[in-house]
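# A closer look at the structure
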Amino acid sequence: MRICVVGAGRMGLPVAVQFASRGATVLSADVNAQLVDMVNAGRLPYDDEPELHDRLGAALASGRYWATTDTTAAVRESEAVVVLVRMVTDAAGSPDYGNLDAATAAIGAGLQRGTVVSYETTLPVGDTRRRFGAALAAASGLRAGEDFHLCFSPERVSSGRIFRDLATYPKIVGGLTPACAEAGRRLYAEHLDAEVWTLTSPEAAELTKVAETTYRDVNIALANEFARYADEMGVDYGEVARAANSQPYSHLHQPGLGVGGHCIPVYPYFFISRAADARLVSLARSLNDEMPSYGAERLSAMLGGLSGRRVLVLGLSYRPDLRESSHSTAAATISALRDRGAEVRLHDPFFGPSGVAAHGYEWGEPGDGWAEALVVHTAHSIYRELTPAGAASVSAVLDGRNALDPVPWRAAGVQYAGVGR
Ligand SMILES: NC(=O)c1ccc[n+]([C@@H]2O[C@H](COP(=O)([O-])OP(=O)(O)OC[C@H]3O[C@@H](n4cnc5c(N)ncnc54)[C@H](O)[C@@H]3O)[C@@H](O)[C@H]2O)c1
C-alpha cells in the first residue's frame, strides 16, 4: 500500500515510520521544509521518543520512506492518507483550524478516486464529516463516501511511549459509510499490531477521544475535591483512594496542582462548546483550574503568608520525565505564588537554565541556598530522590504531586504538605 501521512511531528512521524516498517511505501508530507530535510537525513529535533531514531533510520534505508513538502503530489500517488496535523487551541479550548484547513485543501487538490482519508488529529464531534469531508469534496470534485473513503480514527497514544501504545491500544475507526470503515480497518489492520475496532460513524470515533480525555479531567477534578476535603479533615486521601479502589467499581484518580498538556485540559472544551446540555464537565474544568491557587494558599498557611518569601518551583513540564510545557500548570502555579507576594524561581532538568529563561522565568536549584520553600509542580523522578540535605535552606515544602516521601522532610524539621496529604 502507498500511504501519505500529512504532518511529520511528534505523532505523524512515528506513525509514518510504523507503516513503513510493515512494508508500505510511505511519504511524510509536512509544510516545515527544515523538518523535512532533517527527517530525510535521519535526524530528529528531539531525542526523547524511544525507538524512533532507529526506526526512522531503518525506514529510510528500506528506500520505501521519505519526507516531502509537497502534500498534493504525495496524496496524488497514495491509496491512503492519514492526517496528523496539529490543531492549535487557546487555553479556553477554542480551535484554530488554520493548519487543518490548509492541509485539507492541499489533500483535496491531489485526492484520487478510491483513496481512503483518515483524520487522526483530535476534533470536535462532527468536523470530519461536515468541515473536512465537505472541503475535500469541494477541492477534489469527488463525493465523500462514494468516490473516496473518509474516516476518523483518533490518535490515542502518548509521546514517550508511542510505539508501545501503537502496538497495544485498540485502533478505533469510524467511517462515513460501512465501506469507508472497512477501508480504514484494512489500512490499520495491515500496519499495526493492535486490534482494530470499527465504530458506526466518524462522530462516534470523534466522541470516543473527547470522552476518554474528558473522563480523565472530570475524575481528576473529583480526586481534587476529595483531596481538599481530606486536607480539611486531616485525612490522607492516598490511603482513602487505595482503600476505595480495592472495590472493582471505584477508580479514584490522583489529585494534584492542576491538569496540563495539549489534550486533557483542552478536549473537554470541544465537548462543552458543542453539547448544549453539558454542565458537569465545565465545573470539573474550573475545579482543576483552581488547584494552583489552592496550592499557593496551602503554602501560604504554612509560612504565615507569602509576601517576600523565596519559593522555588520544581518542574515546568506537564508530565514527569519529559520536556513538554504545552498548557503546563507551572505558569498558573507561579502566578498564584507571585499574586500572593512570593519571589519565584523555577527548576526543571529537562529544560535547563536556558529553557527556563526562554519561558520567562529565573532559574534556581534546590541546593543553591536561595529558597525558603519548595513547590513540587512536576513529579520528575529526580525530585523523588531529593532529600532535606539537598535543600538545606528550605523550611517548607508544598508537594503538588504527592511525589516525595514526607517522613525524612518532617524528621528534618521541614513543614511538609501535599494535596490531600
Ligand atoms: N503530542 C501528543 O502527545 C498527542 C497525543 C495524542 C494525539 N495527538 C494528536 O496529534 C495531533 C498532532 O500532534 P503532534 O504532537 O504530532 O503535533 P506537532 O506540532 O508535533 O506536529 C504537527 C506537524 O504538522 C505540520 N503541519 C502544520 N500545518 C501543516 C500543513 N498544512 N500541511 C502539512 N503539515 C502541516 C507541522 O509542521 C508539524 O510538523 C494533535 O493535534 C493531537 O490531536 C497528539
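See the structure printed just above.
Quick summary incoming for the structure in this document. (Residues numbered from 1 in each chain as written. Predicted model: local features only at pLDDT ≥ 70, side-chain atom pairs only at ≥ 80, totals over all residues. Heavy atoms only, no water.)

Strand order in this open sheet of eight strands is S3-S2-S1-S4-S7-S8-S9-S10, and the pairing throughout is mixed. Every other strand in the sheet has two partners, leaving strand S3 (65–68) and strand S10 (196–199) as the edge strands with one partner each. When strand polarity is set aside, the average angle formed by the axes of neighbouring strands in this sheet is 25°. Where strand S1 (residues 2–6) meets strand S2 (residues 25–29), five bridges bridge the pair, whose relative direction is parallel. Residue Cys-4 lies in a different strand from S2, and its bridge partner there is Leu-27. The strands touched by helix H1 (residues 12–21) are S1, S2, S3 and strand S4 (80–83); relative to S2, the strand with the most contacts, the crossing angle is about 170°. (Pairing = 2+ DSSP bridges. Helix = DSSP H or I, 4+ residues; strand = E, 2+ residues; numbered from the N terminus. Axes fitted to C-alpha atoms, helices over the stretch in contact; angles between N-to-C directions. Contact = heavy atoms within 4.5 Å.)

Under the defined criterion, the tally for this structure stands at 25 salt bridges. Its salt-bridge partner being Asp-165, residue Arg-161 comes within 2.8 Å of it at the nearest N-O pair. Residue class for Arg-161 comes out partly exposed when judged on its relative accessible area of 28%. Ionic contacts of the salt-bridge type, sharing partners, join the residues Arg-113, Arg-143, Glu-146 and Asp-147 into one network. (Salt bridge = Lys/Arg side-chain N within 4 Å of Asp/Glu carboxyl O. Buried < 20%, exposed > 50% of the residue type's maximum accessible area, 1.4 Å probe, protein only.)

We now examine the side chain of Ser-250. Looking at where Ser-250 falls in the secondary structure, it is placed in the loop between helix H10 (237–244) and helix H11 (267–274). Here the side chain of Ser-250 touches Asn-245 through a polar contact of 2.9 Å, side chain to side chain. When sequence neighbours within four positions are dropped, the list of residues in contact with Ser-250 reads Ala-244 and Asn-245. (Polar contact = N/O pair within 3.5 Å; in protein donor to acceptor, adjacent residues only side chain to side chain.)

Turning our attention to the packing of H1 against helix H3 (residues 52–62). In the contact formed by H1 and H3, the axes pass within 9 Å of each other and the chain directions differ by 50°. One way to sum up the angle between H1 and H3 is to call them oblique. In this structure, the crossing between H1 and H3 has a hand that is left-handed. Judged by residue contacts, Leu-13, Pro-14, Val-17, Gln-18, Ala-20 and Ser-21 of H1 engage Leu-52, Arg-55, Leu-56 and Ala-59 from H3. Looking at the contact of H1 with H3, its residues break down into seven nonpolar, two polar and one charged. (Parallel < 35°, antiparallel > 145°, perpendicular 65-115°, else oblique. Left-handed = near helix turned anticlockwise from the far one by under 90°. Nonpolar A, V, L, I, M, F, W, Y, C, P; charged D, E, K, R; others polar.)

So, on to the sheet that holds strand S11 (residues 310–314). Ordered by their spatial adjacency, five strands build an open sheet running S12-S11-S13-S14-S15, and the pairing between neighbours is parallel. At either end of the open sheet lies a strand with only one pairing partner, and these are strand S12 (343–347) and strand S15 (415–417). Each strand of the sheet is rotated relative to its neighbour by a mean of 15°, with strand direction disregarded. Two strands pair when backbone bridges link them, and strand S14 (residues 396–399) and S15 are joined in this way by three bridges, in the parallel orientation. Along S15, the bridge assignment pairs Ala-396 with Gln-415.

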